[in-house]
Amino acid sequence: MEGRGAVGMYAVCGAESGNSQISEDRSAARVYPSHGSLSRLVLSSLESFKAEDIVSMSLKGKSSIADEVIIASGVVARHVIAIADQLVRDLKRNSFHVIGMEGLPHGDWVLVDAADVIIHVFRPEVRLFYDLEAFWSSDSFGP
Amino acid sequence: MYRIQECKTRGYGRPVGLLGGSFNPAHLGHRHISLRALHRLGLREIWWVVTPGNPMKNAQELKSFATRSVFAEKVSDHPHIHICHFEYERGLVYTSHSLMALRAAHRDFSFVWIMGADNLVSFHLWDDWRGIMKTVPVAIFDRPGYRYRALSSPAATAYRAFRVREEEDAGNFAFRSAPAWSFFTGPLNSLSSTYLRSIEGDGGRGISV
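Residues numbered from 1 in each chain as written. Chains lettered and ligands numbered in written order. Predicted model: local features only at pLDDT ≥ 70, side-chain atom pairs only at ≥ 80, totals over all residues. Heavy atoms only, no water.

Points about the overall build of chain A
Working step 1: A count of helical and extended segments in chain A gives five helices and six strands.
Working step 2: For chain A, the sequential pattern of α-helices and β-strands runs β-α-α-β-β-α-β-β-β-α-α.
Working step 3: Sorting the 143 residues of chain A into buried and exposed places 54% on the buried side. (Helix = DSSP H or I, 4+ residues; strand = E, 2+ residues; numbered from the N terminus. Buried < 20%, exposed > 50% of the residue type's maximum accessible area, 1.4 Å probe, protein only.)

Below is the structure:
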């Protein structure tokens, strides 16, 4: 789903999910029909812990590091860590491989590398500072 | 005669670690390996050598040098990590060339080439990779999932005689004569790897902050 612009950003803002036990992400499949099962799981997991300003950016055709980058915010550091904690649990429970994490224990910026999808969870001020969305939206190779 | 002179001059220069890459984008993993290198190897500085990139190869993927280096400045956020424009300013694309040019430009520094274990896996495909091994000591830092592939890689195998056993105090690593390489393990990321292991099989109880 390449909705807006060259990068294909698809913004979801904090929809409620009634069930934090992600065993079958049917509800996620209804909400994100164009996303693969891994990214649907990620998006559902983030929402289940009330992550905010969730943005999904497709990297297909743009970069080989992953298929997708998903960015979300937690209100405070403890929230950021809880979101990342739950995300890793959900991924592992569903047999997805988590290559690594960076950013603990500070909770300013936590990166979860799930190979095909890379997830960044930020505190809001930190997210603004780094502005990863601007990085991925900026022009490619040039002067 | 010249080589001996060169070794003596270079032996105790300012120890600087070089982390090369596209930094597309820079992220906390780059910062993490840099801090590990600073502490384990007793380096004074780490330079993030941002490649200008090959316009033929990655025109679509690579963000502009300006974008990548500005973002890298934000992410590095450390008084001893510097964003290095050396390759960009000279249009250098191959590490083998850059290392020789850097050494010539900074004769009073002792450089260490730093890589993650994932880079070692395919290092034998780099341009003049043997030249790199013979030019500077190489420090490789473990990354989850890559350790065994790295240590059994063609490059590791070819230079197995020059591997330096990991020491508690590797503070003089930058002063070693090339070829010399070492594989550094230790806590991959003090909290992250412990945490990830703790929830294997869903046994963990989560992080208490």
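Description of unusual backbone geometry
Residue and element names in this part refer to chain B.
Working step 1: Between N24 and the following residue, P25, the backbone shows a cis peptide bond with an omega angle of 0 degrees.
Working step 2: Tracing the sequence through the fold places P25 in the loop between β1 (14–21) and α2 (28–41).
Working step 3: Omega for the bond connecting A178 with P179 falls within 30 degrees of zero, at -5 degrees, which places this linkage in the cis form.
Working step 4: Note that P179 resides in the loop between α10 (154–158) and β6 (181–184).
Working step 5: Located in the positive-phi region is D77, a residue other than glycine, with phi close to 40 degrees.
Working step 6: Tracing the sequence through the fold places D77 in the loop between α4 (65–76) and β3 (81–84).

A short note on the packing of aromatic side chains
Working step 1: Taken as a whole, this structure holds 19 aromatic pairs over all chains when the rule is applied.
Working step 2: Judged by centre distance (5.1 Å) and plane angle (50 degrees), the ring pair of F135 of chain A and F71 of chain B falls under tilted. Taken together, the positions of F135 of chain A in helix α5 (residues 132–137) and F71 of chain B in helix α4 put the pair across two chains. Here F135 of chain A and F71 of chain B have matching classes, each one buried.
Working step 3: When the ring of F23 of chain B is compared with that of W48 of chain B, the centres are 5.0 Å apart and the planes differ by 15 degrees; the resulting orientation is stacked. One end of the pair, F23 of chain B, is in the loop between β1 and α2; the other, W48 of chain B, is in strand β2 (residues 45–50), with 25 residues separating them in the sequence. (Phe/Tyr/Trp six-rings, centres within 6.5 Å; stacked < 30°, edge-to-face > 60°.)

A few points about helix α2 (residues 37–48) of chain A
All names here are of chain A.
Working step 1: A rise of 1.5 Å per residue sets the reference length of α2, with its 12 residues, at 16 Å; its end C-alpha atoms lie 16 Å apart and thus fit the reference within 8%.
Working step 2: The element α2 is extensively covered by neighbouring structure, given that 11 of its 12 residues are classed as buried.
Working step 3: Three or more residues of α2 are buried, namely L38, S39, R40, L41, V42, L43, S44, S45, L46, E47 and S48.
Working step 4: Positive backbone phi, approximately 60 degrees, marks K50, located one or two places after α2. (Expected span 1.5 Å × (residues − 1).)

What to know about helix α6 (residues 95–105) of chain B
Working step 1: Looking only at α6 of chain B, the buried set comprises T95, S96, S98, L99, L102 and R103 of chain B. For α6 of chain B, the arc enclosing every buried residue in end-on projection is 165 degrees, short of the 170-degree limit, so these residues lie on one face. (Arc of directions from axis to C-beta.)

So, the pattern of salt bridges
Working step 1: Within the structure shown, the criterion is met by 11 salt bridges over all chains.
Working step 2: With a closest N to O distance of 2.8 Å, D90 of chain A and R93 of chain A form a salt bridge. Residue D90 of chain A and its partner R93 of chain A are both found in helix α3 (residues 77–93); the two are separated by three residues, about one turn of the helix.
Working step 3: Taking relative accessible area as the criterion, D90 of chain A reaches 0% and is therefore assigned buried.
Working step 4: Among the salt bridges present, the one from E89 of chain B reaches R90 of chain B, with a minimum N-O distance of 3.5 Å.
Working step 5: A relative accessible area of 58% places E89 of chain B in the exposed class.
Working step 6: Looking at R90 of chain B, the relative accessible area reads 44%, which means it is partly exposed.
Working step 7: By sharing partners, the salt bridges in this structure join D108, R123 and E125 of chain A into a single network. (Salt bridge = Lys/Arg side-chain N within 4 Å of Asp/Glu carboxyl O.)

Notes on the sheet that holds β1 of chain B
Residues and elements named next belong to chain B.
Working step 1: The strand order across the open sheet formed by six strands is β3-β2-β1-β4-β5-β6, and the pairing between neighbours is parallel. Every interior strand has two partners, whereas the edge strands, β3 and β6, have only one. On average, adjacent strands in this sheet sit at an angle of 30 degrees to one another, irrespective of strand direction.
Working step 2: With four bridges connecting them, strand β4 (residues 109–116) and strand β5 (residues 138–141) associate as parallel partners. Residue pairing in the sheet places G116 in a bridge with F141 of β5.
Working step 3: Where α6 meets the sheet, it contacts β1, β2 and β4, and its direction lies at approximately 155 degrees from that of β4. (Pairing = 2+ DSSP bridges. Axes fitted to C-alpha atoms, helices over the stretch in contact; angles between N-to-C directions. Contact = heavy atoms within 4.5 Å.)

A short note on the pairing of β5 of chain B
Residues and elements named next belong to chain B.
Working step 1: On β5, burial covers both faces: V138 and I140 on one face and A139 and F141 on the other are all buried.
Working step 2: Summarising the sheet, β5 and β6 pair through four bridges and their orientation is parallel. Considered in β6, the bridge of A139 is made with S182.

Points about the environment of S122 of chain B
Working step 1: Inspection of the secondary structure puts S122 of chain B in the loop between α7 (117–121) and α8 (129–135).
Working step 2: According to the relative accessible area criterion, S122 of chain B is partly exposed, its value standing at 31%.

Structural notes on the confidence of the model for chain B
All names here are of chain B.
Working step 1: When pLDDT is averaged along chain B, the result is 86; 80% of the residues meet or exceed 70.
Working step 2: In the predicted structure, residues 1–9 sits below a pLDDT of 50 and forms three contacts with residues beyond four places in sequence or in another chain.
Working step 3: With pLDDT under 50 throughout, residues 201–209 is counted as low confidence; its partners more than four residues away or in other chains account for 15 contacts.
Working step 4: Both scores are available for the predicted complex, with the pTM at 0.80 and the ipTM at 0.74. (pLDDT = per-residue confidence, 0-100.)

Topic: the side chain of E45 of chain B
Residues and elements named next belong to chain B.
Working step 1: Structurally, the position occupied by E45 is in strand β2.
Working step 2: Of note is the side chain of E45, whose polar atom sits 2.7 Å from the side chain of R14.
Working step 3: Polar side-chain contacts of E45 include one of 2.6 Å to the side chain of W47.
Working step 4: For E45, the residues in contact, after removing those within four places along its chain, are R14, P15, V16, G17, L38, H80 and H82. (Polar contact = N/O pair within 3.5 Å; in protein donor to acceptor, adjacent residues only side chain to side chain.)

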